Amino acid sequence: MTSGRRGRHLARAEAARLGGSPEAGVADRAATAMPSSPLRVAVVCSSNQNRSMEAHNILSKRGFSVRSFGTGTHVKLPGPAPDKPNVYDFKTTYDQMYNDLLRKDKELYTQNGILHMLDRNKRIKPRPERFQNCKDLFDLILTCEERVYDQVVEDLNSREQETCQPVHVINVDIQDNHEEATLGAFLICELCQCVFCRWTDGGSAQINCTYEMRR
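Everything numeric here is computed off the predicted structure, so don't read it as measured data.

Chemist: Can you tell me about the packing of helix α4 (residues 94–111) against helix α5 (residues 114–124), naming the residues and giving the values?
Modeler: Axis separation between α4 and α5 bottoms out at 9 Å; the angle between their running directions is 160°. The angle between the axes of α4 and α5 places the two elements in the roughly antiparallel class. Seen along the crossing, α4 lies across α5 with a hand that is left-handed. Listed contacts from α5 to Y94, D95, M97, Y98, L101, L102, K106, Y109 and T110 of α4 are I114, L115, L118, D119, N121 and K122. Looking at the contact of α4 with α5 residue by residue, the class counts come to nine nonpolar, two polar and four charged.

Structure (C-alpha cells):
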C-alpha cells in the first residue's frame, strides 16, 4: 500500500490547524504520549538514517514499541556531490559517522542537516540496523518507499515459517529529505494510532485506515 498526495496534504492541513509549521504540528502531537501500545512496530527505509529514524523518534515518544531498520547493503549519506555519497557499513555507529563527517567538512554537513540528523540518531540507538539481519517478530511493518517494501516482503517470504503469525506490511511513500521525513513520520504515527485502535477493539485481522492508499 502506498499513500498518495492526499496523505501529505492531510499532514500539512493538520499542522496548520494546530498552528505553525508542519514540523511544529508533528512535534505537538508527538508530545502527547498515548498508553503503552502492545503493537510491535518496525519502520524501514533504505539506510536507517532519515525517514525511518524520524518515525522511530516520534513513535517512541507516543508510547509505541518500535524499532527501525534499513534494507540496503550499505548505509549511504549525501556527500559533496550526487555521485560522491558517503558510504558506511551497517556496523558503523552514528557517532562514528558524525565524527567522520565533522572532520571532512563541518560547514557542508551542518548546512545540509546531516550532522543534526546523526546527532538525533545517536540519541535513539547506537547504530543503524539492517532488516534482513533481524529475526524478531513484528505485528506491523511500515516501509518508506515501494522498493523497500518489495525488499521487506521478499525477505519475509524467504524465511522459514515458524509461528505462522500474520504481519501487516504497509508502504508510505516518503521522499528522502528532512521535511518530507517529518511529514511522513506524522502520517506513520497517525496510521499506527489507527491500527492501535483497531487492535484494542479486537479487530487486528481487519485494519481500515482513513488515508488514501493504493498498491
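Chemist: Lay out the layout of surface pockets with the relevant residues and their values.
Modeler: Of the volumes computed, that of the largest pocket is approximately 400 Å³. L137, L156, R159, Q161 and T163 are the residues nearest the centre of the largest pocket, which is lined by 17 residues in total. Here the lining of the largest pocket is built from residues that sort into nine nonpolar, three polar and five charged. The calculated volume of the second largest pocket comes to roughly 310 Å³. The wall of the second largest pocket is formed by 20 residues, among which S47, K76, L77, P78 and D176 lie closest to the centre. The residue makeup of the lining of the second largest pocket, split by class, is eight nonpolar, seven polar and five charged. The two domains that each donate at least three residues to the lining of the second largest pocket are domain 1 (37–72 + 130–201) and domain 2 (73–128).

Chemist: Which residues make up the packing of aromatic side chains, and what values go with them?
Modeler: The geometry of two aromatic rings is summed up by the distance between their centres and the angle between their planes. Counted according to the given criterion, the structure contains three aromatic pairs. Taking the centre distance of 6.4 Å and the plane angle of 85° together, the rings of F64 and F196 count as edge-to-face. Of this pair, F64 sits in the loop between α3 (51–61) and β3 (65–70) while F196 sits in helix α7 (residues 178–200), and the two are 132 residues apart along the sequence. Residue F64 is classed as buried on the basis of its relative accessible area of 5%. Taking the centre distance of 5.8 Å and the plane angle of 75° together, the rings of F69 and F138 count as edge-to-face. Here F138 lies in the loop between α5 and β6 (140–143) and F69 lies in strand β3, a separation of 69 residues in the sequence. Taken together, F69, F131 and F138 form an aromatic cluster joined through their ring pairs. Stacked on the ring of F69, the Lys or Arg K125 has its end atom at 5.9 Å from the ring centre.

Chemist: Please provide a residue-by-residue account of unusual backbone geometry, values included.
Modeler: The phi dihedral of N48 is positive, around 55°, even though this residue is not glycine. Structurally, N48 is set in the loop between β2 (40–45) and α3. Judged by its relative accessible area of 0%, N48 is buried.

Chemist: Which residues make up the pattern of salt bridges, and what values do they have?
Modeler: When their charged atoms lie close together, side chains carrying opposite charge are able to pair. In this structure the tally under the stated criterion is 14 salt bridges. Here R51 and E145 are joined by a salt bridge, their closest N and O atoms 2.9 Å apart. Of this pair, R51 sits in helix α3 while E145 sits in the loop between β6 and α6 (146–158), placing them 94 residues apart in sequence. Under the relative-accessibility criterion, R51 is labelled buried at 4%. With a shortest N-O distance of 2.6 Å, D155 and R159 are connected by a salt bridge. For D155, a relative accessible area of 11% translates into the label buried. Among the charged side chains, a network of salt bridges with common partners joins R51, E145, R147 and D176.

How each quantity is defined
- Residues numbered from 1 in each chain as written.
- Predicted model: local features only at pLDDT ≥ 70, side-chain atom pairs only at ≥ 80, totals over all residues.
- Heavy atoms only, no water.
- Axes fitted to C-alpha atoms, helices over the stretch in contact; angles between N-to-C directions.
- Helix = DSSP H or I, 4+ residues; strand = E, 2+ residues; numbered from the N terminus.
- Parallel < 35°, antiparallel > 145°, perpendicular 65-115°, else oblique.
- Left-handed = near helix turned anticlockwise from the far one by under 90°.
- Contact = heavy atoms within 4.5 Å.
- Nonpolar A, V, L, I, M, F, W, Y, C, P; charged D, E, K, R; others polar.
- 1 Å grid on protein atoms, 1.4 Å probe; cavity = no way out; pocket = protein on both sides within 12 Å on 5 of 7 lines; lining within 4 Å.
- Points joined across faces, edges and corners; volume = space filled by probe spheres on them.
- Domains from an automatic or database assignment.
- Phe/Tyr/Trp six-rings, centres within 6.5 Å; stacked < 30°, edge-to-face > 60°.
- Buried < 20%, exposed > 50% of the residue type's maximum accessible area, 1.4 Å probe, protein only.
- Lys NZ or Arg CZ within 6 Å of the ring centre and 35° of its normal.
- Salt bridge = Lys/Arg side-chain N within 4 Å of Asp/Glu carboxyl O.

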